[in-house]
Amino acid sequence: MEDVLNRDIRAGARLLRWIDDGVGEARSILKQLYSHTGKAAIVGITGNPGAGKSTLVDQLITRYRAQKKTVAVVAVDPSSPFSGGAILGDRIRMQEHALDEGVFIRSFATRGHLGGLTGTTADVVHVFDAMGWDLVLVETVGVGQDEVEVQRLAHTTVVVMAPGMGDEIQAIKAGILEIADIFAVNKSDRDGADRTVRELRLMLDMGKEAIQQQQERVCPPGWMPRVIKTVSTKGEGIDELMTALAEHRKAYENACRDPNFVRARLRREFLDVFRRTLFTRGWSYLMHEDHLKEVVEKLQDGSSDPYTLAKQAVNALGRL
Amino acid sequence: MLYDPKAIDAVKGEKESWKQEELKATLDKRSERLPRFSTISDKEIPRLVTPDDLGDSEYTKKLGMPGRYPFTRGVQTTMYRGRLWTMRQFAGFGTPEDTNQRYRYLLDQGQTGLSVAFHYPTLMGYDSDHPRSLGEVGKCGVAVDSLRDMEVLFDRIPLDQVTTSMTTNGPAGVLLAMYIVVAEKQGVSADKIGGTIQNDILKEYIAQKSWIFPPRPSMRIITDILAYCTEHVPRWNTISISGYHIREAGSTAAQELAFTIADGIGYVQAGVEAGLDVDAFAPRLSFFFNAHSDFFEEIAKYRAARRMWSRIMKERFKAKQDTSLKLRYHTQTAGCSLTAQQPTNNVVRTALQALSAVLGGTQSLHTNSLDETMALPTEESVTVALRTQQIIADETGVANTIDPLAGSYFVEWLTDQLEEEALQYIQKIDDLGGIVRAIELGYPQNEIGDAAYRYQCQMEKAEKIIVGVNRYRMDDEIPIPLLKIDEEVERLQVQNLAEVKRKRDAKQVQAQLKKVKEAAHDGGNLMACFVDAVREYCTLGEIIGVLRGVFGEHKDPGML
Amino acid sequence: MDEERKIRVLIAKPGLDGHDRGAKVVARSLRDAGMEVIYTGLHQTPEMIVATAIQEGVDAVGMSIMSGAHNVLMPAVVDGLLAKGAEDIVVFGGGIIPDDDMESLKKKGIKGLFTPGTSTETIISWVRENVKPS
Ligand SMILES: Nc1nc2c(ncn2[C@@H]2O[C@H](COP(=O)(O)OP(=O)(O)OP(=O)(O)O)[C@@H](O)[C@H]2O)c(=O)[nH]1
Ligand SMILES: [Mg+2]
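Predicted model only: the values in this text are computed from it and were never measured. Residue positions are given per chain, counting from 1 as you read along its sequence in written order. For naming, the first written chain is A and the first written ligand is 1, with later ones following in the order written. This being a predicted model, a pLDDT of at least 70 is required before a residue's local features are given, and a value of 80 or more before pairs of side-chain atoms are given or counted; all residues contribute to the totals for chains, interfaces and linings. To obtain the side-chain values, all non-hydrogen atoms of the structure were included, while hydrogens and water were left out.

1. Structural notes on the overall build of chain B
What counts here: Segments assigned H or I by DSSP are reported as helices when at least four residues long, segments assigned E as strands when at least two residues long, and all are numbered from the N terminus. Radius of gyration here uses only the C-alpha atoms, and the compact-globule reference equals 2.2 Å multiplied by the residue count raised to the power 0.38. The classification of residues rests on relative accessible area computed with a 1.4 Å probe and restricted to protein chains. Under 20% of the type maximum is buried, over 50% is exposed, and intermediate values are partly exposed.
Per the secondary structure count, chain B includes 22 helices and nine strands. A compact globule built from 560 residues would reach a C-alpha radius of gyration of about 24 Å, and chain B, at 24 Å, matches this within 12%. When the backbone C-alpha atoms are referred to their principal axes, chain B occupies close to 85 × 60 × 45 Å. By residue count, 57% of the 560 residues in chain B fall in the buried class.

2. A word on the domain arrangement of chain B
All names here are of chain B. Where we set the bar: Note that domain bounds follow an automatic or database assignment of domains. Contacts are assigned to residue pairs that have any heavy atoms within 4.5 Å of one another. In this description, buried area is defined as the sum, over both parts, of the accessible area (probe of 1.4 Å) that is lost when the two are combined.
As assigned here, chain B comprises domain 1 (5-54) and domain 2 (64-460). On a C-alpha basis, the centres of domain 1 and domain 2 stand 37 Å from each other. Taken together, the contacts link 13 residues of domain 1 with 18 residues of domain 2. Across the interface of domain 1 and domain 2, roughly 1300 Å² is buried in total on both sides, 65% from carbon and sulfur atoms.

3. Considerations on the coordination of the magnesium ion (ligand 2)
All names here are of chain A. Selection criterion: Note: metal donors comprise N, O and S atoms at 2.8 Å or less from the metal (3.2 Å for Na, K and Ca); water molecules are not included, so apparent gaps in a site are possible.
Around the magnesium ion (ligand 2), the donor atoms from the protein are Ser54 (OG), Asp90 (OD) and Glu139 (OE), and they sit 2.0 to 2.2 Å away. Mapped onto the sequence, the residues coordinating the magnesium ion (ligand 2) show the spacing S-x35-D-x48-E. Residue Asp90 is found in the loop between strand 3 (86-88) and strand 4 (103-109), and its partner Glu139 is found in strand 5 (residues 135-139); the two are separated by 49 residues along the sequence. Of the two residues, Asp90 and Glu139, neither departs from the other in class, the shared state being buried.

4. Comments concerning the pattern of salt bridges
How we decide: Just to be clear on terms, a salt bridge is a Lys or Arg side-chain nitrogen sitting within 4 Å of an Asp or Glu carboxyl oxygen.
According to the stated counting rule, one finds 68 salt bridges over all chains in the structure shown. Between Arg535 of chain B and Glu184 of chain B there is a salt bridge, and its shortest N-O distance comes to 2.9 Å. With Arg535 of chain B in helix 21 (residues 526-535) and Glu184 of chain B in helix 6 (residues 172-186), this residue pair connects regions lying 351 residues apart in the sequence. Here Arg535 of chain B falls in the partly exposed class, since its relative accessible area comes to 29%. On the accessibility criterion, Glu184 of chain B (39% relative accessible area) is partly exposed. With a closest N to O distance of 3.5 Å, Lys503 of chain B and Glu499 of chain B form a salt bridge. Taken together, the positions of Lys503 of chain B and Glu499 of chain B, both in helix 19 (residues 488-503) and four residues apart, correspond to about one turn of that helix. For Glu499 of chain B, a relative accessible area of 32% gives the class partly exposed. Residues joined in a network through salt bridges with shared partners are Arg17, Asp20, Asp21, Arg91 and Arg111 of chain A together with Arg5, Arg8, Glu36, Glu56 and Asp59 of chain C.

5. Observations regarding the environment of Gly335 of chain B
With respect to the helices and strands, Gly335 of chain B occurs in the loop between strand 8 (329-333) and helix 14 (345-360). Measuring from C-alpha to C-alpha, the distance between Gly335 of chain B and Asp4 of chain B comes to 44 Å, with 331 residues separating the pair along the chain.

6. Section: the site of ligand 1
All names here are of chain A. This is how it is decided: Any residue with a non-hydrogen atom lying within 4 Å of a molecule or strand is treated as near it. We call two N or O atoms a polar contact when they sit within 3.5 Å, provided that within protein one can donate a hydrogen and the other can accept it, with sequence-adjacent residues counted only if both atoms are side-chain atoms. Note on areas: Shrake-Rupley with a 1.4 Å probe; residue coverage comes only from the protein chains shown. Three residue categories are used. Nonpolar comprises Ala, Val, Leu, Ile, Met, Phe, Trp, Tyr, Cys and Pro, charged comprises Asp, Glu, Lys and Arg, and polar comprises the others, including Gly.
Taken together, 19 residues are adjacent to ligand 1, and Lys53, Ser54, Thr55, Asp90 and Arg93 come closest. One of the side-chain N or O atoms of Thr55 is found 2.4 Å from an oxygen atom in ligand 1. At 2.9 Å, a backbone N or O of Ser232 approaches an oxygen atom of ligand 1. Protein contacts shield 78% of the accessible area of ligand 1, which totals 650 Å² for the unbound molecule. Element by element, the count of residues in the shell around ligand 1 is highest for helix 4 (residues 53-66), at three residues. Considered class by class, the residues forming the shell around ligand 1 number three nonpolar, nine polar and seven charged.

7. Thoughts on the sheet that holds strand 7 (residues 285-291) of chain B
Residue and element names in this part refer to chain B. Which entries qualify depends on this criterion: Think of it this way: DSSP has to see at least two bridges between two strands before they count as a pair. Lines fitted to the C-alpha atoms define the axes, with helices restricted to the stretch that makes contact. Angles between their N-to-C directions range from 0 to 180 degrees.
Pairing is parallel in the open sheet, where nine strands are placed in the order 5-4-3-2-1-9-8-7-6. The strands lining the two open edges of the sheet, one partner per strand, are strand 5 (236-237) and strand 6 (239-242). Packed onto the sheet, helix 6 meets strand 3 (163-167), strand 4 (194-197) and strand 5 and runs at close to 155 degrees relative to strand 3.

This is how it looks when you write it as structure tokens:
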């Protein structure tokens, strides 16, 4: 615990491993770490598979390091649904920073979790925050529809799109339009980038009202998403992206002066933890002492129904 | 037509009756050894090829005469009756002193050309004292850091009498510059030296992966070299467009042919776009192929390559001189075909592969030594390898006539087939927008990956046989003696480098490096700067370091 | 959710050679055996490999070297891990490694060594047997 707070890489890495593997000790350490969180800026990077997220993160690391800020990266890749294994390939694009002590890159596999992150990414971010990293960059898996969880976790969400892949249409379907604070139209060395930028701006303009009224979204009031062209393989447009990130950060910090805004964020953070806690508790209750087996038996012999049984199981949790 | 239509009809009739009678009867009695016969590249091979399978092609258009368009029968008029191929063993290990000794031994044994294998730090543009060179110095080739090492490497070897091939890509220009200055110091002017630099960066991205700069600046350096050599080093082969490594990475024969020629098209295109006259530089392009184990497929590959290249140069690039149309090539027997099991068998493999290269009409040849899958060759093993070539040249009689397999129905058929398959790949690459784009998209890399995987599976299921590995294994094998590179080499080399740095004129060094940097920025000819810089003993690592600063580095795209 | 321990492996390509086919095949097959694999890409220094192994919290590091630099680079990774207090990470390797070198490398802490032609099956079962989640 002390070691983690002193930013001991080895201790931090091991704690992350326990969190990832769901080892019991991790929870009590997380509790103690919580009071040390709240300082890091958390930036989510999401977008279609292969849009250039990792290459962009690589560029962002370089820029933040030039500003003498320390950077932690959480890079999530999908687990194979067949073997449960994974090849975690984001890091290879950031390997230039392997020896920089001001950078900590950690790869995770989704292990079946949907939504673009792992089941414990929020905890992982807390650890990095408590360790005192100035920035935590969270790269999601390539998102499809509904995989927009990162936005609940990040202070600033960057959506990376590549032109000419039908991403624009995909964006509306996936609800990506609503989650982005900043759009990076990457690979703009290819044809079609200007068109993508135009279409995005148009759609944002049309959807202005809806975006600002989003219930779920806790974002600085009055912020309109920026659209920026980048070529992350060549470092083009990254300065502009950094400017937009800084502006959004400022807007976010301003918003934090408003107790209502802070309350909304805390409320959401709590609900996320609550949901996970409830699920974990419920799950382990069912898995242990034949509880699930009994449930299934009752269903099979027709003596009860799933609704009643689920409610009984939840009630049983309270008595534990 | 190759054959008279009436005669063809007769052949067809005869073949049909043979099929109905003898063949049917035989197959009824006993089926063939395999359900499907295929080459090592998994290309299906017919039972019998007869003249009617060859289509309605004209002899003069398709085969012609040796030394004449389309060069199917060879690029020289008298081929090996005039002069044998150059026997050129790829060699290099340890310090320049060690390798110089090996070169002089090989020349004494009747080798007719030199071929330099550099160690990895040199290939990647690092000096021996760089942290990344740790453990690598002198291991897979000879260490060359500065002009001093090149002087030692060619000590007592007259550069107006041998030709030298240098396998190097990213730093090719710098090493050629060193060679030019060494010759100059021997009193041999640049227009008198001959040889080859590999300088084929495209295949590095496709297969070999010893890259330094990203593709586009790499192409710029290459065109600078083309321009410089056209003017000052006219006998130098400026690019050796290499299929060898593509094949070693697991490609099929047709892929090797296709991607190599597509790379060639890429270079010619770049030269033309840089404003060079195609006939000024195309004659100095040469090729480098693999000699794998499937005997006829290899011979067909070389013959198809010559025909394809001459047509492409003439039709696509409108080259006018005969010398621009000729595909001249070096061959190396397939390293990947050698086995660590029962290594003596490698001598036999290499001999047959070498024979295919000669029957295919190669201009120069390296034969692998039997121990090369395990280490760099010992003096004994390299001697056997060289003798293998000498036996083919002097005992077998295959060099007595030109292109002896021409007119074999099977060989001509297979030549046509490989050409057709390769042209399809080239079409696909054109459709993607050219070879540089195709590489960026990972197209050739993926095709090769798939072919390699297919072969691996066939091998594990013993559908493809490797003697001593998946058939005819032996348990107790006696290990053979191997060449060991002493860790002392690294210390010695680093010490010599420090000595060079102490003795040279530091001001001159800084001035020359500055010039390199300026040329890199403003588009001046880099090759000219390299020559001036190495003369002042700027090291390879220093020069490449400056270029890294300007051009950036190519990163491993990490495709799985 | 429940505790779920997985084996995490770093597949690394130290040195300057570009022969990455073997490393990639091994990475793929460990994934197919249910492990989580991080691949470094080409041309890594021992320091980079050590730093990566620690940050990634892996249980094992597998290296492939075809340039003959194994005697220097493999032990450098073992020593680097030791210096960072991460000696529990299991180190194994593959490449063209003569018998004599095998002995000395094993003494220097490289637990498993595989020469070209080793089946992926063999490597997977070796990892299963010798590597436990930390
Ligand atoms: N032309 C071009 N290629 C790019 C650009 N950015 C990234 N790429 C290439 O696109 C490919 C994918 O890039 P990554 O950064 O791995 O993309 P990603 O979004 O992280 O991919 P996943 O994590 O697999 O979803 C790589 O080959 C990059 O080199 C760009 O701006 N222009
Ligand atoms: Mg990625």
